[in-house]
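Observations on chain architecture
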Amino acid sequence: MDFVAWMIVASEIGFWVVIVAGLVTRYIFKQNKLGLFLLALTPVIDLILLVTTSVDLMNGATATMAHAIAAVYIGVSIAFGKSMIEWADVRFQYYITKQGPRPERLTGFAHAKHYFKSWGRHLVAYLIGAAFLAGLIFIIDNPNRTEALTGALQLWSLVLGVDFLIAISHFIWPKKRRKP
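Computed from a predicted structure; not experimentally measured. For every chain, the first residue of the written sequence is number 1, and numbering continues from 1 along that sequence. Local features are withheld for residues below a pLDDT of 70 in this predicted model, meaning they are given only at 70 or higher, and side-chain atom pairs are given and counted only at 80 or more; totals for whole chains, interfaces and linings count all residues. Hydrogens and waters are ignored; side-chain quantities use all the structure's heavy atoms.

1. Details of the overall build of the protein chain
- The helix and strand tally for the protein chain stands at six helices and zero strands.
- Segments assigned H or I by DSSP are reported as helices when at least four residues long, segments assigned E as strands when at least two residues long, and all are numbered from the N terminus. When the helices and strands of the protein chain are listed from N to C terminus, the series reads α-α-α-α-α-α.
- Considering only C-alpha atoms, the protein chain reaches an extent of 55 × 45 × 25 Å along its principal axes.
- We call a residue buried when its accessible area falls under 20% of the maximum for its residue type, exposed when it is over 50%, and partly exposed in between, using a 1.4 Å probe and counting protein chains only. Within the protein chain, buried positions represent 39% of all 180 residues.
- The contacts of the protein chain with a sequence gap of at least 6 include a subset with a gap of at least 24, amounting to 75%.
- Accessible surface area values rest on a Shrake-Rupley calculation with a 1.4 Å probe, where residue burial reflects the displayed protein chains alone. Here the protein chain has roughly 11000 Å² of accessible surface; of this, 69% comes from carbon and sulfur atoms.
- None of His or the chain ends enter the tally, which takes Lys and Arg as positive and Asp and Glu as negative. Just so you know, the charge point we use is NZ for Lys, CZ for Arg, CG for Asp and CD for Glu. Distance from the positive charge centre (17 side chains) to the negative charge centre (10 side chains) of the protein chain: 19 Å. When checking whether two residues touch, look at their non-hydrogen atoms; a contact exists if any pair is within 4.5 Å.

2. Side note on a nonpolar patch on the surface
- Residues Phe109, Phe116, Phe164, Leu165, Ile168, Phe171, Ile172 and Trp173 make up a contiguous nonpolar surface patch of roughly 830 Å² in combined accessible area.
- Contributing elements (two or more residues each) for the nonpolar patch: helix H5 (108–140) and helix H6 (147–172).
- By residue number, the principal contributor to the nonpolar patch is H6, which donates five residues.
- Structurally, the position occupied by Phe116 is in helix H5. Patches draw on residues past 30% relative accessible area with no salt bridge. Two like charges within 9 Å are joined, as are two nonpolar side chains (Val, Leu, Ile, Met, Phe, Trp, Tyr) within 5 Å. Each reported salt bridge corresponds to a side-chain nitrogen of Lys or Arg within 4 Å of a carboxyl oxygen of Asp or Glu.

3. Focus: the packing of aromatic side chains
- The criterion for an aromatic pair is that two Phe, Tyr or Trp rings (for Trp, the six-membered ring) have centres within 6.5 Å, with stacked assigned to planes under 30 degrees apart, edge-to-face to planes over 60 apart and tilted to the rest. Scanning all chains against the criterion turns up nine aromatic pairs.
- Following the ring pairs from residue to residue traces out a cluster consisting of Phe109, Phe116, Trp119, Phe164 and Phe171.

4. Quick word on the packing of helix H1 (residues 3–28) against helix H3 (residues 42–58)
- In this analysis an axis means a line fitted to C-alpha atoms, helices contributing only their contacting stretch, and an angle means the value between N-to-C directions, from 0 to 180 degrees. Put simply, H1 and H3 touch, their axes get as near as 9 Å, and they point 175° apart. Judged by the inter-axis angle, H1 sits roughly antiparallel to H3. Contacts between H1 and H3 involve Phe3, Val4, Met7, Ile8, Ser11, Gly14, Phe15, Val18 and Ile19 on the former and, on the latter, Thr42, Ile45, Ile48, Leu49, Thr52, Thr53 and Asp56.
- When the residues that make up the contact of H1 with H3 are grouped by side-chain class, the tally is ten nonpolar, five polar and one charged. What sets the label is the angle itself: under 35 degrees gives roughly parallel, over 145 gives roughly antiparallel, 65 to 115 gives roughly perpendicular, and the rest give oblique. Each residue is assigned to one class: nonpolar for Ala, Val, Leu, Ile, Met, Phe, Trp, Tyr, Cys and Pro, charged for Asp, Glu, Lys and Arg, and polar for all the others, Gly among them.

5. Considering the pattern of salt bridges
- Evaluated as defined, the whole model comprises two salt bridges.
- Between Arg26 and Asp89 there is a salt bridge, with its nearest N and O atoms 3.8 Å apart. In this pair, Arg26 is assigned in helix H1 and Asp89 in helix H4 (residues 65–96), connecting sequence segments 63 residues apart.
- On the basis of relative accessibility, which here comes to 13%, the residue Asp89 falls in the buried class.

Listed below in structure tokens is the structure:
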């Protein structure tokens, strides 16, 4: 596994370590400002990955799928980061500190609406990641070195389309409530 792939793994681990540290600091140690500061550090992890990937490619590396995944990771992290932190916050409060309401399982129209909103975030992630990929392809200006980036962009476009169809399907065939 190359250096960029390890940086992606480290970024993902770092993302969740910072979130857990922020939540523990906020709810267990009752240090709200410090907890929020730790949670606000998540974009720094994205910035480190962005710089690492860009520098690697600018120094002449041939793009690999790891470079493309780094762009996807950055787009997803920016678009979904706040909602992932909110998701973790609600569950941490309920399951760890035994406070707050139980996280609800959405069904029917509420689930369809939530999933479509999530698809909107996927679209934002795609636009961010695709801009990063296209920028690298343009700057490097060597199709032999950027073939993996182009392939990833095409695959992600297909995945975005499939996710849109799934989002629409939830309105046509709503998720039913589970029987107890």
